Amino acid sequence: MSVTYSGRYDAIVVGVGGMGSAASYYLARRGKRVLGLERFGLPHAMGSSHGHTRIIRLAYYEHPSYVLLLRRAYELWREIQKTAGERLLYTTGSVDSGPEDSWVFKGSWESCRLHDLPHEVLTGSELHRRYPGYRLPDDHLALVQPDGGFLAPEKCIVSYVTAAQAQGAEIHARERVLEWEPLEGGVRVRTDRGSYEADKLVVTAGAWDGELVDVLDGLAVPERQVLAWLQPTRPERFRPENFPVFNLLVDEGRFYGFPVHGVPGFKFGKYHHLEEVVDPDTLDREAHDYDEQLLRDFAERYFPDGCGPTMDLQTCMFTNTPDNHFVIDVHPDYEQVSFASPCSGHGYKFASVIGEIMADLADTGITRHDISLFRLDRLTEPTHRPSSAPPPITQGQANGQVHERNGHSRSFPRVPDVRPFW
Ligand SMILES: Cc1cc2nc3c(=O)[nH]c(=O)nc-3n(C[C@H](O)[C@H](O)[C@H](O)COP(=O)(O)OP(=O)(O)OC[C@H]3O[C@@H](n4cnc5c(N)ncnc54)[C@H](O)[C@@H]3O)c2cc1C
């Protein structure tokens, strides 16, 4: 079926997932004529924003400068929750834990200290007494921050889309963008159903960003992830009231997890699961026995009361930049085009504020938010690295991999999982 609309849009948003749904809303709320184009359904489980829950936390070991954005993200989540009339944000507290001198514990503590965030530091056994589901080594420290919790991502996307439509946005699902071209003062977008023109283009295509934005090709690299939900043998220990969300650095790697919500099991995953770089169109979406075993081994050691039968296993995609920070910028050659990377496995919590930033960039080319850490040129022109950006990656680039997509081979640095962000 071919659908061609006459007239021109103020902005076209490509990809109506976590970031694009929010961007569509904040643009429409400013009175802009918006077209949102999504290749799958609304919502769907083919990208990076499915699986019932996403952690949100104020303590931020990845870099303390994220905290200001998080404060705004929380405000906007509460606002859209009110507009939607539906619960989107759950507060459970958050635990960031690891050995005392680990980047996860120390980074989290540093962000609390710098931003004056309420927090407590507990040993592994103190944490177990407070939250009995946890059994961490006693020589590990846990930073507990009361504002942490989780979002319900599919509901957030639906809420933003509904609110955008109420403001007049047109949102088309199951319509794939094939290409775009710059025009004098605008863009033309060709899809598998038609062709559209707009003054501005916002690309929030998640794992497919690299296909649609030339300057992100090779810098936004999709990676397969696997999640497990296990039925707790002591369910009272894994309820949202007494099981804070977690980020743990342990001998086996860095893991994150949630209380029981949406599925009759507690959910967790390992960051950079098996370090499998993928093409988003040919990703192995099956979860295998070896994926499950890796995850169960972790849970048996640190959450022994959580290890009943498996309730579900799902795959999903991180899309990583070389330094694991976001890329949010205006295209270096076309000022009418802006983009947001899918944020290296830690972006969902920011989707509300990134939506606002994308609306700012499309509207005026600038934003009041500090996005200096996310500029593209830190990755393309290392000598222009802003002082707040993380140090250049050296160790770990050694195992750089080559990825074939669209007939092009692309090499990129493999970022080690455990690395200083700050
Ligand atoms: C397993 C897992 C766990 C995570 N846990 C957390 C967490 O706890 N907390 C946290 O903050 N973050 C977390 N993240 C990261 C977070 O989920 C992502 O940063 C976020 O979902 C990315 O949102 P996005 O809008 O960029 O991508 P998506 O939500 O995938 O949206 C991109 C959209 O673009 C569409 N699209 C692509 N190409 C086209 C095209 N050509 N035409 C039209 N549409 C197109 C896609 O279909 C998709 O809907 C996790 C990620 C994964 C995979």
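Residues numbered from 1 in each chain as written. Predicted model: local features only at pLDDT ≥ 70, side-chain atom pairs only at ≥ 80, totals over all residues.

### Describing the environment of Val 121
The cut-off we apply is this: Helical segments are the DSSP runs of H or I of at least four residues, strand segments are the runs of E of at least two, and each set is numbered from the N terminus. We call two residues in contact when their backbone-placed C-beta atoms lie within 7 Å.
Note that Val 121 resides in strand β6 (residues 120–123). Taking C-alpha positions, Val 121 is 9.0 Å from Gln 145, a pair spaced 24 residues apart along the chain. Not counting the four nearest positions on each side in its chain, Val 121 is found in contact with Trp 109, Leu 141 and Leu 143.

### Side note on the site of the ligand
We count it as follows: Using a C-beta atom placed from the backbone, a residue is scored as near a molecule or strand whenever that atom is within 6 Å of it. Any residue that is not Ala, Val, Leu, Ile, Met, Phe, Trp, Tyr, Cys, Pro, Asp, Glu, Lys or Arg is counted as polar, Gly included; the first ten are nonpolar and the last four charged. Domain limits in this description derive from either an automatic procedure or a database domain assignment.
Residues in close proximity to the ligand total 38 residues, the closest being Gly 15, Gly 17, Gly 47, Gly 206 and Gly 347. Elements represented by at least two residues in the shell around the ligand include exactly α1 (18–29), β3 (54–56), β13 (221–230) and β18 (310–320). Considered class by class, the residues forming the shell around the ligand number 19 nonpolar, 14 polar and 5 charged. Structurally, the shell around the ligand is a two-domain feature, drawing no fewer than three residues from each of domain 1 (9–48 + 154–220 + 323–390) and domain 2 (96–151 + 222–320).

### Focus: the nonpolar core
Taken as a class, soluble globular proteins show a tendency for nonpolar side chains to be buried jointly. Stated precisely, the cut-off is as follows: We call a set of buried Ala, Val, Leu, Ile, Met, Phe, Trp, Tyr and Cys residues a nonpolar core when their C-beta atoms link them within 7 Å. To assign burial, the other C-beta atoms lying within 10 Å of each residue's own C-beta are counted, with C-beta atoms placed from the backbone; 20 or more indicates buried, 12 or fewer indicates exposed, and intermediate counts indicate partly exposed.
Counting residues in each nonpolar core, the largest one holds 120 residues, and the members touching the most others are Ile 12, Leu 201, Ile 354 and Met 358. Here this core spans two domains, and each of domain 1 (9–48 + 154–220 + 323–390) and domain 2 (96–151 + 222–320) adds at least three residues to it. Excluding anything up to four places from it in sequence, Leu 201 contacts Ile 12, Val 14, Trp 180, Val 187, Val 189, Gln 336 and Val 337.

### Brief notes about the pairing of strand β7 (residues 140–145)
For clarity, the cut-off: The pairing criterion is simple: DSSP has to find at least two bridges between the two strands.
Counting buried positions over the 6 residues of β7 gives 6, a clear majority of the element. Both faces of β7 are covered, namely the face carrying His 140, Ala 142 and Val 144 and the face carrying Leu 141, Leu 143 and Gln 145. Pairing of strand β5 (residues 94–99) with β7 involves 6 bridges; the strand directions are antiparallel. Within β7, the position partnered with Pro 99 by the bridge is His 140. Here β6 runs beside β7; their pairing, made up of 4 bridges, is antiparallel. Paired with Thr 123 across the bridge in β7 is Leu 141.

### Overview of the confidence of the model for the protein
Inclusion rule: Residue-level confidence of the predictor, termed pLDDT, takes values from 0 up to 100.
On average, residues of the protein carry a pLDDT of 91, and 89% of them reach 70 or more. Below a pLDDT of 50 lies the segment residues 384–422, which in the model reaches 71 contacts outside its immediate sequence neighbourhood of four places, other chains included.

### Considering the packing of helix α2 (residues 66–84) against helix α5 (residues 153–166)
Angle between the axes and distance between the axes: these two values describe a pair of packed helices. Spelled out, the test is: Fitting a line to C-alpha atoms yields each axis, with helices limited to the stretch in contact; the angle taken between N-to-C directions then spans 0 to 180 degrees. Should an angle fall under 35 degrees it is taken as roughly parallel, and over 145 as roughly antiparallel, whereas 65 to 115 is taken as roughly perpendicular and any remaining angle as oblique. In this scheme, a crossing is called left-handed if the near helix is turned counterclockwise away from the far one by less than a right angle; it is called right-handed if the turn is clockwise.
One can describe the packing of α2 onto α5 by two numbers: an axis separation of 10 Å at closest approach and a directional angle of 70°. By the criterion of interaxial angle, the relationship of α2 to α5 is roughly perpendicular. As for how α2 packs across α5, the hand of that crossing is left-handed. Every residue of α5 that contacts α2 at Ile 80, Thr 83 and Ala 84 is listed here: Ser 159, Tyr 160, Thr 162 and Ala 163.

### Points about α5
Three- or four-residue spacings in an α-helix give side chains the same orientation, since the helix completes a turn every 3.6 residues. Definition in use: For a helix, the expected span equals 1.5 Å multiplied by the number of residues minus one.
The terminal C-alpha atoms of α5 lie 20 Å apart, and with 14 residues this matches the ideal 20 Å at 1.5 Å per residue to within 8%. All of the buried residues along α5 are Pro 153, Glu 154, Cys 156, Ile 157, Ser 159, Tyr 160, Val 161, Ala 163 and Ala 164. Phi turns positive, to about 100°, at Gly 168, one or two residues after α5.

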